[in-house]
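Here's the letter readout for the chains.
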Amino acid sequence: MTEKLDELRIRLDQIDRRIVDSLAERQAVVGEVAKVKVDGATVLRDPKREEQLLRALSEYGKNAGVDRHFVRRLYREILDHSLRSQQVHLSGGDRASERTTVVVAYQGGEGSYSHLAATRHFEVHPANVVYEGKKSFDSMLQSVTEGESDFAILPIENTTAGSINESYDLLARMNLVIVGEEIQRVDHCLLAIDEVPLSHIRRVYSHPVALAQCGGFLSALRECHVEAFNDTALSAAKIKEDRDLSQAAIASAEAARLYDLKILRTHIADQKENYTRMVVVSRDPIELDPRIPAKTSLLFATRHEHGALASCLNILHEHGLNMTKLESRPRPNTPWEYIFYVDFEGRLDGVGTGSALQSLSSATGFLKVLGTYPSRIPKESEPAAIFAQSESPESSSAPRSGPAATRAAPARDGGSIRVKAGSPRAEEGEARIPVTKQPYRLASRVTRLKDTLIRFGDVELGGDVPVVIAGPCAVESREQIQNCAREVKEQGGAMLRGGCFKPRTSPYSFQGLGFEALDLLEEAGREFGLPIVTEVLHPADVARVAHQADFLQIGARNMQNFALLKEVGRIDRPVMLKRGLTATVDEWLQAAEYILAQGNQRVVLCERGIRTFEQATRNTLDLSAVVVARERTHLPIVVDPSHAVGVRRWIPTMAEASLAVGAHGVMLEIHPDPNSALSDGPQALTFQDFESLMKRLPYCVPPAASLG
Ligand code: PEP
Ligand code: MN
């Protein structure tokens, strides 16, 4: 008997080797097909032909005595694998093999669904792939930002549990690019250290979502506690370590294999069809061959206007973009406002996408493209003209002619295109008007007739009510900033300013108290109910300053610091752009365009005086620039007479003049004791000066002091 069994096993081993050899042979032919496709116009996938192939093979299997469904399942895997390897080839992935190792981060332990999806996604990657489990989504994405990992796989939605909010919020906050997606089947099993009857199980560990998904099964287990754990695989590792026969974990079958556990039950989720969609993120976009069916993800915040969301969705519709997902999340620090996440079929450099995104840019308050990447969900209804050819044996050897091939020829001029996420203007060639004749578009009145309104809580900047922003040049101490905040509030000012990072002409002058000052400014703003504005000097500080400040200032000296402009363009925070000391109005508007072009539409211009031959004032306040800019742009404009004039006694008059010529607000430096100020003392208004000025300004909100 054992002899017979041994002999049969040897035969099975031989057959298995032949199967693997055949797969290898097939894989080699797929490689050849990919090479042919690189130079040809053939596109990657034809779901109809694929379906024909599957049908033919399952029929062949049936005749040969193999279960039809089994053949079909097997071939879905095989076709999927060869499609992925062709995609890697077409995307220049082979060149990635020049890098010997790439690090892929995932959340949880080995055998978690994220880990399974990551291994599936990267199995065709030509480089040596190292997988690293991370504790949280946040630390995982941080490791990509910091260059420790090359990719991370982030679960974004589940077909039964819905959207994963934390993931959406992280995508909004971090400057990473989506370069791929993966659909992971979730098939929960109950695991234990040995084959024990279910009635012996007293405690079940798993991720809270997995526990919720198996609610029906768990409620039938009597006298059994459920306990939430960080992740499914780690719960498997825990019961392995505890070696307690009364414990069980809910995890994948793969986790059972990895941790050498027994599977007590399979398919225990309430809903049998359970999938998680994950996105693969990286620091840089990937090269995407035009023949790969792609998807694009973006997020935007609507403007505070009637019907704003509907008009944004209409823009996508009018440009023929098919939206596959719409999700909303609360906008951070802005109660009752929302960020919308949209996925649509197509690519950034696709027909109509560029102009759709341009229109969307000016219709939204903030727009960020998260990435263009190969789509994982095949769309069966796609016309064959778009997906012309599968790599099925018969089609790969077919001559590339005839109507299907001709129709399929995609516009391949330029070959694969590097798509930079983050920029709504991906198509260089699309604008018909030469770029030199269009130095700015999004900032222009031509693009948007209506004035842009920017809200900070109850304060509206850009409307009919002038806004007064006041505070010290620099935050010097808690007492100083608290006194200033109280004064601003009592006199009816709308916003508190205070420098934390000071751009000083001499390196020996007071440079500001940095983040310590920002904490004090934030505290004072919160205590007196005033939004805060402060200058950010360095691109690396933008995210952190934006986390605490309501309004970011780009100083005059940085008006053309393009790296800084781009960085503030990628975050969802209003920006005040000061006019450079020697900048023309048009240069100023082009600098604003740098911010707008990155997606952030909430830009306020600030005239703060320019350098002229005149020495009597610190700078020359150019009020005509306000008139000109109001005509050329829809963006709000404020005037800072303090830095323009530099002499205390002339500032109030120029503040009044600023509002008279149409500025939407003024920004003033005040100090409890200007003589002791660490910077710009001569131009700081005393509290008394400020009070009498506030009485003269046409200001609609009565001072808080007179309210009671
Ligand atoms: C300021 O407002 O603190 C400042 C430094 O202004 P500017 O950049 O206009 O000189
Ligand atoms: Mn100053």
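Our subject is the structure listed above.
Reading the values: the criteria
- Residues numbered from 1 in each chain as written.
- Chains lettered and ligands numbered in written order.
- Predicted model: local features only at pLDDT ≥ 70, side-chain atom pairs only at ≥ 80, totals over all residues.
- Heavy atoms only, no water.
- Near = heavy atom within 4 Å.
- Polar contact = N/O pair within 3.5 Å; in protein donor to acceptor, adjacent residues only side chain to side chain.
- Areas by Shrake-Rupley, 256 points an atom, 1.4 Å probe, with all protein chains shown as cover.
- Pairing = 2+ DSSP bridges.
- Helix = DSSP H or I, 4+ residues; strand = E, 2+ residues; numbered from the N terminus.
- Axes fitted to C-alpha atoms, helices over the stretch in contact; angles between N-to-C directions.
- Donors = N, O, S within 2.8 Å, 3.2 Å for Na, K, Ca; no water.
- Buried < 20%, exposed > 50% of the residue type's maximum accessible area, 1.4 Å probe, protein only.
- Arc of directions from axis to C-beta.
- Contact = heavy atoms within 4.5 Å.
- Core = buried A, V, L, I, M, F, W, Y, C linked by side-chain atoms within 4.5 Å.
- Patch = residues over 30% accessible without salt bridge, like charges linked within 9 Å, V, L, I, M, F, W, Y side chains within 5 Å.
- Salt bridge = Lys/Arg side-chain N within 4 Å of Asp/Glu carboxyl O.
- Parallel < 35°, antiparallel > 145°, perpendicular 65-115°, else oblique.
- Left-handed = near helix turned anticlockwise from the far one by under 90°.

**Re the site of ligand 1**
Neighbouring ligand 1 are the residues Arg497, Lys502, Pro503, Glu535, Gln553, Gly555, Ala556, Arg557, Lys578, Arg608 and His643. In this structure, Arg497 approaches ligand 1 through a side-chain N or O atom, which is 2.8 Å from an oxygen atom. Taking Gln553, its side chain carries an N or O atom lying 2.8 Å from an oxygen atom of ligand 1. The fraction of the free accessible surface of ligand 1 (290 Å²) that becomes covered by protein chains is 96%.

**Some words on the sheet that holds strand β8 (residues 225-228)**
Reading across from one edge, β8-β7-β9-β6-β10 is the order of the five strands in this open sheet, with mixed pairing throughout. Every interior strand has two partners, whereas the edge strands, β8 and β10 (262-265), have only one. Neighbour-to-neighbour, the strand axes of this sheet turn through a mean angle of 35°, independent of strand direction. When strand β7 (residues 203-206) meets strand β9 (residues 247-251), the two strands line up parallel, connected through three bridges. Counterpart to Tyr205 in the pairing with β9 is Ala249.

**Description of the coordination of the manganese ion (ligand 2)**
Metal coordination angles have textbook ideals: 109.5 degrees for a tetrahedral set of four donors and 90 or 180 degrees for an octahedral set of six. Taken together, Cys473 (SG), His643 (NE2), Glu669 (OE) and Asp680 (OD) make up the full set of protein donors to the manganese ion (ligand 2), lying 2.1 to 2.4 Å away. Taken in chain order, the donor set of the manganese ion (ligand 2) reads C-x169-H-x25-E-x10-D. One end of the pair, Cys473, is in the loop between β20 (467-471) and α16 (478-490); the other, His643, is in helix α22 (residues 641-645), and 170 residues separate them in sequence. What makes His643 buried here is its relative accessible area of 9%.

**Side note on helix α7 (residues 165-173)**
Every α-helix carries 3.6 residues per turn, so stepping three or four residues along brings you back to the same face. Residues Ser167, Tyr168, Leu170 and Leu171 constitute the buried set of α7. Projected onto a plane normal to the axis of α7, the buried residues spread over an arc of 165° and lie on a single side.

**Quick notes on the sheet that holds strand β21 (residues 495-497)**
Pairing is parallel around the closed barrel formed by eight strands, whose spatial order is β20-β21-β22-β23-β24-β25-β26-β27. Between one strand axis and the next, the sheet turns through 25° on average, direction left out of account. Inspection of the sheet shows β20 paired to β21 by two bridges, in the parallel sense. Bridge pairing in β21 places Ala470 opposite Leu496. Here helix α19 (residues 562-569) sits on the sheet in contact with β23 (551-554) and β24 (575-578), set at roughly 165° to β23.

**Remarks on the nonpolar core**
Counting 69 residues, the largest nonpolar core has Leu496, Leu552, Leu577 and Leu668 as its most contacted members. Look past the residues within four positions of Leu577 in its chain and what remains in contact with it is Ile554, Met559, Leu565, Trp588, Ala591, Ala592, Val603, Val604, Leu605 and Cys606.

**Quick notes on the side chain of Arg445**
Within the fold, Arg445 resides in the loop between β17 (417-418) and β18 (454-456). With residues near it in sequence (within four places) discarded, Arg445 still touches Lys450, Asp451, Arg630, Glu631, Arg632, Thr633 and His634.

**What about unusual backbone geometry?**
For residues other than glycine, phi is negative in most cases, and the peptide bonds are mostly trans. We note that Glu223 has phi near 50°; this positive angle belongs to a residue other than glycine. Within the secondary structure layout, Glu223 lies in the loop between α9 (215-219) and β8. The phi dihedral of Arg243 falls on the positive side, at around 50°, and the residue is not glycine. Take Arg243: it is sitting in the loop between α10 (232-242) and β9. Residue Arg243 is classed as exposed on the basis of its relative accessible area, which comes to 53%.

**Quick notes on a nonpolar patch on the surface**
Together, Leu12, Ile15, Ile19 and Leu23 line one region of the surface with nonpolar side chains, adding up to about 330 Å² of accessible area. By secondary structure assignment, the location of Leu12 is in helix α1 (residues 2-39).

**Topic: the packing of α16 against helix α24 (residues 687-696)**
Relative orientation of the contacting elements α16 and α24 amounts to 20°, with a least axis distance of 11 Å. Relative to α24, the element α16 is oriented roughly parallel. Taken as a pair, α16 and α24 cross one another with a handedness that is right-handed. For the pair α16 and α24, the contacting residues are Asn483, Cys484, Glu487 and Val488 in the first and Phe687, Phe690 and Glu691 in the second.

**Observations concerning the pairing of strand β11 (residues 275-282)**
Where burial is concerned, most of β11 is hidden: seven out of the eight residues are buried. The pairing of strand β3 (residues 151-158) with β11 spans seven bridges and is antiparallel. In the strand pairing of β11, Ile153 is matched with Val280. The pairing of strand β5 (residues 177-185) with β11 spans eight bridges and is antiparallel. Across the sheet, Glu182 pairs through a bridge with Met278, a residue of β11.

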